[in-house]
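# Remarks on the overall topology
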2 protein chains.
Amino acid sequence: MTDELATLESASRQLAESVRRLIDATVRTQVDAATLAAAQAKIDAVTGELSAAPMPDSFGVQESDSGRPMAWGNVMIGVRNPIAPPLSINHGADGLVWSDFTLGAAYEGPPGHVHGGVCAMVLDHVLGATAHQPGRPAYTGTLRIRYLRGTSLGALRAEARVDRVHGVKTFAIGHLADARGVTVEAEGVFIHPKDRGSPG
Amino acid sequence: MTDELATLESASRQLAESVRRLIDATVRTQVDAATLAAAQAKIDAVTGELSAAPMPDSFGVQESDSGRPMAWGNVMIGVRNPIAPPLSINHGADGLVWSDFTLGAAYEGPPGHVHGGVCAMVLDHVLGATAHQPGRPAYTGTLRIRYLRGTSLGALRAEARVDRVHGVKTFAIGHLADARGVTVEAEGVFIHPKDRGSPG
């Protein structure tokens, strides 16, 4: 990666981290309506400065100067996407795929707990990562999720591994766990042809 | 709702809408690293102003003065949560539950398409809404998702209805559709006891 691109990636990453803190503050703030309105005006000004000639559509997957695919805008792993925790995906020598991450107030469903849909979103991505290859994404064919109990907001871990492979189909299994143990189990079928299914 | 609470809700809603635009700009901006850094400093200042005495944990579900539950922080429907599209859930006389919403660049998985995990997250919520009752939430027991094809970023519609009810279990079915038709189908089992499962 050129120094210029590395500098841009670092600045993008830091901006996204700041916007994540702003999102959390927006959910948890207890300031009055006038203070909220003043904050809104300042944010609109910053958005205007960032919006000079934006990308016409979405970030997509761009290639770095070295040809490495960059999914900076991805909602789960994108370093410049403030909605992404972001997940950092690890691949073990034994085939285990895992990610340790923290979900705060902005990912809440019932009081104090992660929304069940967010649990499904994370598991779709982590199970899909068992089949995903750089430049050759795997698309989710089917996903089955079983909720054992509520997942507490805070430090979490998602794990997945390949159960079996049949042709273009990778059958993966995995789970989500909070500090007290496994909360959600998942099975997924991920497909390689690019003209099938939806993003894993 | 008192005028004071209505004013706070309106200011919170408008702030969240501004932060959503900021999130989109953060993903799609093409300004240089110096401009990104300048924007970050301004955002950090706003976050500081909003963070005077924040809620210690998450928003949870608070009661309005009229006793109406307010899930303002919910990641799918929370009016003050910038991650939420937010979904607005409609209940038809025929039992149909639907939501029309738009997902932009910040919800991307593969280029130009909604992340499969985001599709699952939305369907979990909309299917769960067939069983959900104010003050009596339904928790997801199991969720099955089948991806027919990629879901284009843009205007989307999610629909769900109750297939059958067995005791505390509501069996719901539904789908997600983009401008070209149905893209993802889902089945879910939602449970009422508050000590079971995870948020629907």
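Residues numbered from 1 in each chain as written. Chains lettered and ligands numbered in written order. Predicted model: local features only at pLDDT ≥ 70, side-chain atom pairs only at ≥ 80, totals over all residues. Heavy atoms only, no water.

As recorded in an unreviewed UniProt entry, chain A goes by the name Acyl-coenzyme A thioesterase THEM4, listed as coming from Mycobacterium cookii. Turning to chain A, the UniProt record has this under Sequence similarities (unreviewed entry): "Belongs to the THEM4/THEM5 thioesterase family." (UniProt positions renumbered as here; feature names shortened; annotations may be inferred.)

Each helix and strand in chain A was counted, giving three helices and nine strands. Taken from the N to the C terminus, the helices and strands of chain A come in the order α-α-β-β-β-β-α-β-β-β-β-β. With the C-alpha coordinates aligned to their principal axes, the bounding extent of chain A is approximately 55 × 45 × 30 Å. A burial count over chain A gives 53% of its 200 residues as buried. Carbon and sulfur atoms make up 52% of the accessible area of chain A, which amounts to about 8,100 Å² in all. Each charge sign in chain A was given a centre, from 18 positive and 21 negative side chains, and these centres are 7 Å apart. (Helix = DSSP H or I, 4+ residues; strand = E, 2+ residues; numbered from the N terminus. Buried < 20%, exposed > 50% of the residue type's maximum accessible area, 1.4 Å probe, protein only. Areas by Shrake-Rupley, 256 points an atom, 1.4 Å probe, with all protein chains shown as cover. Lys, Arg positive; Asp, Glu negative; His and termini not counted. Charge placed at Lys NZ, Arg CZ, Asp CG, Glu CD.)

What follows deals with the nonpolar core. Counting 106 residues, the largest nonpolar core has Leu50(A), Val118(A), Ile145(A), Leu50(B), Val118(B) and Ile145(B) as its most contacted members. With sequence-adjacent residues up to four places away left out, Ile145(A) is seen in contact with Ala120(A), Leu123(A), Val184(A), Glu185(A), Ala186(A), Gly141(B), Thr142(B) and Leu143(B). (Core = buried A, V, L, I, M, F, W, Y, C linked by side-chain atoms within 4.5 Å. Contact = heavy atoms within 4.5 Å.)

Another aspect to go through is the relation of the copies chain B and chain A. The two chain copies are connected by a rotation around an axis plus a translation along it. Mapping chain B onto chain A is achieved by rotating through 180 degrees and translating by 0.0 Å along the same axis, at an RMSD of 0.0 Å. Taken together, the rotation and translation describe the operation of a two-fold axis. Across chain B, the smallest distance between a C-alpha and the rotation axis is recorded for Arg144(B), namely 2.3 Å. When the interface residues of chain B are mapped onto chain A, 100% of them again fall at the interface, so both copies present the same face. (Least-squares fit on C-alpha atoms with pLDDT ≥ 70 in both.)

Turning to the UniProt feature "domain: Thioesterase" (unreviewed entry) in chain A, a few remarks are in order. Those residues carrying the UniProt feature "domain: Thioesterase" (unreviewed entry) are residues 112-165 of chain A in this numbering. Taken end to end, residues 112-165 of chain A is 24% helix and 39% strand, and its first and last C-alpha atoms sit 38 Å apart.

Residue and element names in this part refer to chain A. Backbone torsion omega between Pro85 and Pro86 reads -15 degrees, so that peptide bond is classified as cis. Summarising the element assignment, Pro86 is placed in the loop between β2 (69-70) and β3 (90-91). If you check the backbone angles, Ala53 has positive phi at about 50 degrees while not being a glycine. You can see Ala53 is positioned in the loop between α2 (33-50) and β1 (62-63). Classification of Ala53 as exposed rests on a relative accessible area of 58%.

Moving on: the interface of chain B and chain A. With 87 residues of chain B at the contact, the number on the chain A side is 87 residues. Summed over both partners, the interface of chain B with chain A buries about 7,200 Å², with 63% contributed by carbon and sulfur atoms. Looking only at chain B, the three residues that lose the most surface to chain A are Arg28(B), Leu50(B) and Tyr147(B), adding up to 9% of its buried area. Between chain B and chain A we count four salt bridges in total. Counting across the interface, chain B meets chain A through 40 residue pairs in polar contact (both at pLDDT 80 or more). Counting residues per element, the ones that place at least two in the side of chain B that touches chain A are α1 (3-28), α2 (33-50), α3 (116-128), β5 (139-147) and β9 (198-199) of chain B. In terms of residue count, the dominant contributor to the side of chain B that touches chain A is α1(B) (16 residues). Of the residues assigned to the side of chain B that touches chain A, the class counts are 44 nonpolar, 30 polar and 13 charged. (Buried area = accessible area lost by both parts, 1.4 Å probe. Salt bridge = Lys/Arg side-chain N within 4 Å of Asp/Glu carboxyl O. Polar contact = N/O pair within 3.5 Å; in protein donor to acceptor, adjacent residues only side chain to side chain. Nonpolar A, V, L, I, M, F, W, Y, C, P; charged D, E, K, R; others polar.)

Next up on the list: the side chain of Thr29(A). Looking at where Thr29(A) falls in the secondary structure, it is placed in the loop between α1 (3-28) and α2. A polar atom in the side chain of Thr29(A) sits 2.6 Å from the backbone oxygen of Leu50(B). With residues near it in sequence (within four places) discarded, Thr29(A) still touches Leu36(A), Leu50(B), Met55(B) and Arg80(B).

The tally for this structure, following the rule as stated, stands at 18 salt bridges over all chains. When the shortest N-O distance is used, the salt bridge between Lys42(B) and Glu49(A) registers 2.9 Å. With one member in each of two chains, Lys42(B) in helix α2 and Glu49(A) in helix α2 form a pair that bridges those chains. Residue Arg28(B) is joined to Asp24(B) by a salt bridge in which the shortest nitrogen-to-oxygen separation is 2.7 Å. Separated by four residues within a single helix, Arg28(B) and Asp24(B) lie in helix α1, roughly one turn from each other. Residue Arg28(B) is classed as buried on the basis of its relative accessible area, which comes to 17%. One salt-bridge network, in which partners are shared between bridges, spans Asp100(A), Arg157(A) and Glu159(A).

This part is about the environment of Ile83(A). By secondary structure assignment, the location of Ile83(A) is in the loop between β2 and β3. On the basis of relative accessibility, which here comes to 4%, the residue Ile83(A) falls in the buried class. Discounting chain neighbours no more than four positions away, the residues touching Ile83(A) are Val75(A), Tyr107(A), Ile23(B), Ile83(B), Ala106(B) and Tyr107(B).

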